[in-house]
Amino acid sequence: MFARTCLKNTTRTTWRGGRSGVRLASTSTRPRYRARPSHFVAGAVTGGVLLGTFLAYQSTHPVSLDAPPKSKEAPPYISYDEVQKHNTRDSCWVIIDGQVYDATSVLRWHPAGPDVILQLAGQDATKSFVPIHPPNILSHLPPEAHLGPVDPETLPQEMFEETEEEKRIAEARSQLPEPGAALNLQDIEDYAEKVLTKTAWAYYRSTGDDEYTYWENFEAFKRFWFRPRVGSRREQHYLFCLLNTYIPKPDRLQKISKISMSTTMFGGLESTMPIFISPAALARLGHPDGEMNLTRAAGFEGILQGISNNASCSVDEIMSVKKPEQNLIFQLYMNKDRAASEKLIRGLEGQGFKAIMLTVDAAVPGNREIDKRSKGFTVGPAHGQGGGIEGQGVALVGRCGTCCPGLRHAKDVASSIKAISGYQDPDVCWEDIPWIQSLTKLPLILKGIQCVEDAEKAFEYGVQSIILSNHGGRELDFSPAPMTVLYEMYQRRPDLLQKQEVYIDGGVRRGTDVLKALCLGARGVGLGRPFLWANGVWGEEGCRRVIEIMREEIATGMRLLGVTSLDQLKPEHVQYVDRSPARPRRVSNGDPPDGTE
């Protein structure tokens, strides 16, 4: 809907970590004030978060990265009372970072329809827009749409006051340790729950129905136990003695001081370790630099990253912070408007992406109840016309009863993230694969395979790689864990695992999880939520800490297994145990588990 005017997309922002409403440092000299708390609660994930669609839109509508030019004479202050009068379809004004904009023209073409803007008409929309919009969308407005600064003397007093959530988060952030204090990925998730807004936590953590699939993603790894080898396998070479007798070469203990976890993935893209950052939407809900933090961390540590079709940073922003040799993969959702998808796909290679990851495990949004329980929302239909912009579909409309005068009597307070999936085509089919490949030379990865039969069919259609995934447990509850599907493939089609590239994504939280998957034939594994948690806690440093932890755990596991390179990991290094593991007497923080003393 809108975009920041204080920063260009190559500018690195300053994070006011103690504030729950993620804010950007501003170079303006006007007095600071706070957007009303209800604005953030009701708008942080409104229909305006259809930002993945902006990637295609930007490719067909080139824009300047600067804000609309201002007149030589500074416009006069506009009173807040005057702004409040313009809250209709005929005249819709909003405040963004202290500036007043006439958004009436946006109502006609906004991807999610006019309601997501009208709910904030005549009010401050800063906290709704800052965490989720690229910085150049305001430049789509005509220059006259920038009306001038709001008079801070006329703003309600509550805009200057901290909310209870802001106070909670400020206190939690004041007690945060350095990233190195996190010993494992669960530590990072625990910190994130304390410092993220309820809105951000609900979106990142939400899963389908009763969460059986979400938890099964973790539990599946626990059914595989290692068979460590302290010595190398007996070599199949023989020495010929003077007595014409073949004598087997003796076993030797394996030297494990030097190891290598370098590999190539997705058709030859180099990586320093067998993990990649899975594409995930809306990283800006946790930190103002959003996906850019993940890109910086991936580049520094030398691993691959998937960029979500619904990323909260633009392609220009992401490409501006990546290293020259860094490889990025674009995650694609098929658009109902195939012409829009075609334009997007044709431009990806020129933008610098090295592969396309087509997601097929999220045809429609799952029933994510944690998100629905998030305060202050209801789902309503979008009535706007797309106007050639990707993202038509269901919009999220705030109904908190305080954010918009016209909605004060609304009773619904449910929430959903259906907004960002409104443009997605539920009818994506196998025939789309050759169509995509006809538009680009980039390798095609199919993400979301959940059975052996579909794995077979995917390779028959000529995809370069597949990722076994159930969308992080966010879609169909009781769908199988990726590790379970991988084991089934090992039993039924080991030849596919030997000849083709198969990856898994879901439930990976330990280096031992990675090693188990590689033993069964996976080429690598993806991690999504851990990077969102870490980004929300420490930004780029947190994302790097995730990679450091995984690197340390994988290295330790390899040494204890008696292997020095990834190609030495074989099925004989693991065994399936059809029972739950013994419960540890102590949990990771040193406290006894429930029911013990």
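Residues numbered from 1 in each chain as written. Predicted model: local features only at pLDDT ≥ 70, side-chain atom pairs only at ≥ 80, totals over all residues. Heavy atoms only, no water.

Asker: Explanation requested: the pattern of salt bridges in the structure shown.
Answerer: Where charged atoms from two side chains of opposite charge approach closely, those side chains can pair. Evaluated as defined, the whole model comprises 26 salt bridges. Here Arg 492 and Glu 453 are joined by a salt bridge, their closest N and O atoms 3.3 Å apart. You can see Arg 492 sitting in helix H16 (residues 482-492) and its partner Glu 453 sitting in helix H15 (residues 452-460), a full 39 residues away along the chain. The exposure class of Glu 453 is partly exposed, given its relative accessible area of 42%. Notably, a salt bridge pairs Arg 493 with Asp 495, separated by 2.7 Å at the nearest N-O pair. A relative accessible area of 24% places Arg 493 in the partly exposed class. Among the residues examined, Asp 495 registers a relative accessible area of 26% and is labelled partly exposed. (Salt bridge = Lys/Arg side-chain N within 4 Å of Asp/Glu carboxyl O. Helix = DSSP H or I, 4+ residues; strand = E, 2+ residues; numbered from the N terminus. Buried < 20%, exposed > 50% of the residue type's maximum accessible area, 1.4 Å probe, protein only.)

Asker: What is the right way to look at empty space enclosed by the protein in this model?
Answerer: By rolling a water-sized probe across the atoms, one finds the places where empty space is left. Summed over the entire model, instances satisfying the criterion amount to 8 cavities of 30 Å³ or more. Taken as a whole, the largest cavity spans an internal volume of roughly 560 Å³. What lines the largest cavity is a set of 39 residues, among which Pro 279, Ala 280, His 471, Gly 472 and Arg 474 lie closest to the centre. Elements that contribute at least two residues to the lining of the largest cavity include exactly helix H8 (198-205), helix H9 (212-219), strand E19 (524-527) and helix H19 (529-538). Taken together, the residues that form the lining of the largest cavity break down as 17 nonpolar, 15 polar and 7 charged. (1 Å grid on protein atoms, 1.4 Å probe; cavity = no way out; pocket = protein on both sides within 12 Å on 5 of 7 lines; lining within 4 Å. Points joined across faces, edges and corners; volume = space filled by probe spheres on them. Nonpolar A, V, L, I, M, F, W, Y, C, P; charged D, E, K, R; others polar.)

Asker: Is there a simple way to explain the sheet that holds strand E2 (residues 99-102) in this structure?
Answerer: One key point about sheets: their strands pair by backbone hydrogen bonds, in either a parallel or an antiparallel sense. If you trace the 4 strands from one edge of the open sheet to the other, you get E3-E1-E2-E4, paired in mixed fashion. Of all the strands in the sheet, the pair left with one neighbour each is strand E3 (123-124) and strand E4 (146-149). In this sheet, E4 lies alongside E2 in antiparallel orientation, the contact comprising 3 bridges. Across the sheet, the residue bridging to Tyr 101 is His 146, located in E4. (Pairing = 2+ DSSP bridges.)

Asker: Where do I start with the packing of H15 against H16 in this structure?
Answerer: Angle between the axes and distance between the axes: these two values describe a pair of packed helices. Relative orientation of the contacting elements H15 and H16 amounts to 70 degrees, with a least axis distance of 9 Å. The angle between H15 and H16 falls in the class roughly perpendicular. When H15 is examined against H16, the residues Val 452, Glu 453 and Ala 455 are found in contact with a partner set consisting of Glu 488, Met 489 and Arg 492. For the contact of H15 with H16, the per-class residue count stands at 3 nonpolar, no polar and 3 charged. (Axes fitted to C-alpha atoms, helices over the stretch in contact; angles between N-to-C directions. Parallel < 35°, antiparallel > 145°, perpendicular 65-115°, else oblique. Contact = heavy atoms within 4.5 Å.)

Asker: Explain the side chain of Asp 513 to me, please; I cannot follow it from the model alone.
Answerer: Inspection of the secondary structure puts Asp 513 in helix H18 (residues 511-519). In this structure Asp 513 is buried but unpaired, with Lys 516 as the nearest side chain of opposite charge at 4.7 Å. Once residues within four sequence positions are removed from consideration, Asp 513 is found in contact with Phe 221, Gly 507 and Val 508. (Lys, Arg positive; Asp, Glu negative; His and termini not counted.)

Asker: Any chance you could explain unusual backbone geometry here in plain terms?
Answerer: Positive phi, normally seen in glycine, also occurs at His 471, with a value near 65 degrees. Topologically, His 471 is positioned in the loop between strand E17 (465-469) and H16. Look at Phe 478: it is not a glycine, yet its phi comes out positive at around 75 degrees.

Asker: Help me understand the environment of Trp 93 in this model?
Answerer: Inspection of the secondary structure puts Trp 93 in strand E1 (residues 93-96). The spacing of Trp 93 and Ala 121 is 28 residues in sequence and 5.6 Å in space, taken between C-alpha atoms.

Asker: I keep staring at the packing of aromatic side chains and nothing clicks. Help me out?
Answerer: The geometry of two aromatic rings is summed up by the distance between their centres and the angle between their planes. Taken as a whole and judged by the stated rule, the model has 17 aromatic pairs. Measuring from ring centre to ring centre gives 5.0 Å for Tyr 214 and Trp 215, while their planes differ by 80 degrees; the resulting arrangement is edge-to-face. Look at Tyr 214 and you get buried, because its relative accessible area is 2%. Grouped by ring-pair contacts, the aromatic residues Trp 201, Tyr 203, Tyr 204 and Trp 533 constitute a single cluster. Sitting over the ring of Tyr 203, Arg 474 keeps its end group 5.0 Å from the ring centre. Just above the ring of Phe 226 sits the side chain of Lys 516; from NZ or CZ to the centre is 5.6 Å. (Phe/Tyr/Trp six-rings, centres within 6.5 Å; stacked < 30°, edge-to-face > 60°. Lys NZ or Arg CZ within 6 Å of the ring centre and 35° of its normal.)

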